[in-house]
Amino acid sequence: MTTDIPGWDGSTPPFTDVDGDTGPRVTLPANTLGEISDRSNFRTSVINLERPGDPSVFSDAIRADAANLIARYPVGQARSALLPMLHLVQSEQGHITPDGIAFCADVLGITKAQVSAVATFYTMYKRVPTGEYLVSICTNTLCGMMGGDEIFNEVSHELGIGHNETTADGSITIERAECLAACDYAPVVTVNYEFFDNQSVDSTQELVSELRAGRRPLPTRGAPLCSFKQAERQIAGFFTDDELALEAAATGAPSEAGVRLAIERGDTAPSYAADDSAQTTNTGRTTGATATETTKREGPSESDAPLHTAESDPSHPTKPGAEKED
């Protein structure tokens, strides 16, 4: 049985392995009902786990960075550094390679299978080479309804590539993103994880054209654009304050609308103060109420009831000498 691969028109091989070698369509084992019966070979073949990998290809500087990451975790918990280390590998090689898997396993003292299990679980770890700019187009529920699917389809057609594919010049990789956590700006697109809000087909096509021309448009929010490898190094935990652009806007009017409306309407949240003093927000508005005032307004809560303990109840089963009921 030959599988049907969504988005593949048959004109090019469907998969490219980690060495850049392409092959024919993949035939997977099927049972008598024609169902795929074993995906294990498929899963490992995409990342080419069988290749030994050579950890020595990474420089002493990268090994020093890896040691830095490990030192951030408690003694004996080196494997906790695996996630940032995989980003460190991507900052060097552009995706997770057999060499990178072997390197992480060697430095952390775990197996390649353990490294590969993590690398194949999270979508931010790429199994094939990634372009200088990773353009993620949200096609989840809200963004999809607001035009995300149309944006992806048009950009995909214009570039001649599909999901998780890269242009021939190595400049752009596009992907369908499940959610970019910016529903208030739908439809949204990110470039190397920096936000471009309220996109349309035309604006995204213009954005991609600018990137291919070697220019870097400013994101709607957040830090200026950098290359995918540079972004991966920052995600791994190696950055300067300048690279983070701490002064850049992180939110906008849509995100802050709820707070603004609450202030205009005088809405406040209940106080959970431990004492009887009112709580004051940084705007100067009193938002709290004493426990007595709350009780008068709403009546006592379960938390106000006395504890049912051996000290307060002579018949409590833990009270010495208390009789047990049959």
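Residue numbers run consecutively from 1 along every chain, following the written order of its sequence. In keeping with the model being predicted, local features are shown solely for residues with a pLDDT of at least 70 and side-chain atom pairs are shown and tallied solely at 80 or more, while totals for entire chains, interfaces and linings include all residues. Remark: hydrogens and water are excluded; side-chain values derive from all non-hydrogen atoms of the structure.

Chemist: Explain the overall build of the chain to me, please; I cannot follow it from the model alone.
Modeler: Check the secondary structure of the chain and you find 11 helices and five strands. When the 326 residues of the chain are sorted by exposure, 34% land in the buried category. For the chain, contacts bridging at least 24 residues in sequence account for 58% of all contacts bridging at least 6. For the purposes of this entry, the term helix denotes a DSSP run of H or I that reaches at least four residues, the term strand denotes a run of E that reaches at least two, and both are numbered from the N terminus. Note on classification: 1.4 Å probe, protein chains only; a residue is buried when its accessible area is under 20% of the maximum for its type, exposed when over 50%, partly exposed between these limits. Contact definition: two residues touch when any of their heavy atoms are within 4.5 Å.

Chemist: Is there a simple way to explain the pattern of salt bridges in this structure?
Modeler: A side chain of one charge can pair with a side chain of the opposite charge when the charged atoms of the two come close. Between Lys or Arg on one side and Asp or Glu on the other, a salt bridge is scored when a side-chain nitrogen of the former is within 4 Å of a carboxyl oxygen of the latter. One pass over the structure, following the stated rule, counts 10 salt bridges. The salt bridge partner of Asp149 is Arg176, with a shortest N-O separation of 3.0 Å. On the criterion of sequence distance, the pair formed by Asp149 in helix H6 (residues 141–159) and Arg176 in strand S3 (residues 172–177) is long-range, its members being 27 residues apart. A relative accessible area of 31% places Asp149 in the partly exposed class.

Chemist: What should I look at first to understand helix H7 (residues 201–212) in this one?
Modeler: Residues spaced three or four apart along an α-helix point in a common direction, a consequence of the helix completing one turn every 3.6 residues. Multiplying 1.5 Å by the helix residue count minus one yields the expected span of that helix. The first and last C-alpha atoms of H7 sit 17 Å apart over 12 residues, in line with the 16 Å expected at 1.5 Å per residue. Among all positions of H7, only Val201, Thr204, Gln205, Leu207, Val208 and Leu211 are buried. Taken down its axis, H7 places every buried residue within 155° of arc, on the same side. Looking at H7, the residues exposed on the side facing more than 90 degrees away from the buried face are Asp202 and Glu206. On its buried face, H7 sits against strand S1 (133–138), H6, S3, strand S4 (189–191) and strand S5 (194–196). Trailing H7 by a residue or two, Gly214 shows a phi angle of about 90°, which is positive. Note that the arc is computed from the directions linking the helix axis to the C-beta atoms.

Chemist: Looking at this structure, I do not really get unusual backbone geometry. What am I missing?
Modeler: Trans peptide bonds make up the majority, and among non-glycine residues the majority have a negative phi. Between Ala186 and the following residue, Pro187, the backbone shows a cis peptide bond with an omega angle of -5°. Relative to the helices and strands, Pro187 resides in the loop between S3 and S4. One non-glycine residue, Ala181, lies in the positive phi region at around 60°. Here Ala181 lies in the loop between S3 and S4. Residue Ala181 is classed as exposed on the basis of its relative accessible area, which comes to 68%. The phi dihedral of Tyr193 falls on the positive side, at around 75°, and the residue is not glycine. Looking at where Tyr193 falls in the secondary structure, it is placed in the loop between S4 and S5. By relative accessible area, Tyr193 is classed as partly exposed at 24%.

Chemist: Hey, could you run me through the state of the cysteines in this one?
Modeler: Disulfides are covalent bonds that connect the sulfur atoms of two cysteines. Any cysteine sulfur atom paired with another within 2.5 Å is treated as part of a disulfide. Scanning the entire structure with this criterion turns up zero disulfides. No disulfide involves Cys138; its sulfur sits 3.6 Å from that of Cys143, the nearest cysteine. There is no disulfide at Cys183, and the cysteine sulfur nearest it, in Cys179, is 4.7 Å away. Of the residues examined, Cys183 reaches a relative accessible area of 43% and is grouped as partly exposed.

Chemist: Even after reading the chapter, I still don't get the environment of Pro129, so can you show me in this structure?
Modeler: Mapped onto the elements, Pro129 comes out in the loop between helix H5 (112–119) and S1. For Pro129, a relative accessible area of 41% gives the class partly exposed. Between the C-alpha atoms of Pro129 and Glu165, which are 36 residues apart in sequence, the distance is 8.7 Å.

Chemist: In this structure, what is going on with the packing of helix H3 (residues 82–93) against H5? I would like to understand it.
Modeler: Each packed pair of helices is defined by two parameters, the angle between the axes and the distance between the axes. What counts as an axis is a line fitted to C-alpha atoms, over the stretch in contact for a helix, and the angles between N-to-C directions run from 0 to 180 degrees. Between H3 and H5, the shortest axis-to-axis distance is 11 Å and the interhelical angle comes to 80°. When the axis of H3 is compared with that of H5, the two are roughly perpendicular. Judged by residue contacts, Leu82, Leu83 and Leu86 of H3 engage Gln114, Val115, Val118 and Ala119 from H5. Any residue outside Ala, Val, Leu, Ile, Met, Phe, Trp, Tyr, Cys, Pro, Asp, Glu, Lys and Arg is labelled polar, Gly included; the first ten of those are nonpolar and the last four are charged. In terms of residue class, the contact of H3 with H5 is built from six nonpolar, one polar and no charged. Angles are sorted into four bins: roughly parallel if under 35 degrees, roughly antiparallel if over 145, roughly perpendicular if 65 to 115, and oblique for all others.

Chemist: Explain the environment of Gly162 to me, please; I cannot follow it from the model alone.
Modeler: Note that Gly162 resides in the loop between H6 and strand S2 (165–166). Take Gly162: its relative accessible area is 15%, and that puts it in the buried class. For the pair formed by Gly162 and Phe152, sequence separation is 10 residues and the distance between their alpha carbons is 8.9 Å. Beyond its immediate sequence surroundings of up to four residues, Gly162 is in contact with Phe152, Ser156 and Ile174.

Chemist: Could you clarify how one ought to interpret the packing of helix H4 (residues 98–108) against H5 in this entry?
Modeler: At a minimum axis distance of 8 Å, the contact between H4 and H5 shows a crossing angle of 120°. By the angle between their axes, H4 is oblique relative to H5. Between H4 and H5 lies a crossing of right-handed hand. Contact residues: H4 offers Ile101, Ala102, Cys104 and Ala105, while H5 offers Lys112, Val115 and Ser116. Residue classes in the contact of H4 with H5 are distributed as five nonpolar, one polar and one charged. Crossing handedness follows the turn of the near helix against the far one: under a right angle anticlockwise gives a left-handed crossing, and clockwise gives a right-handed one.

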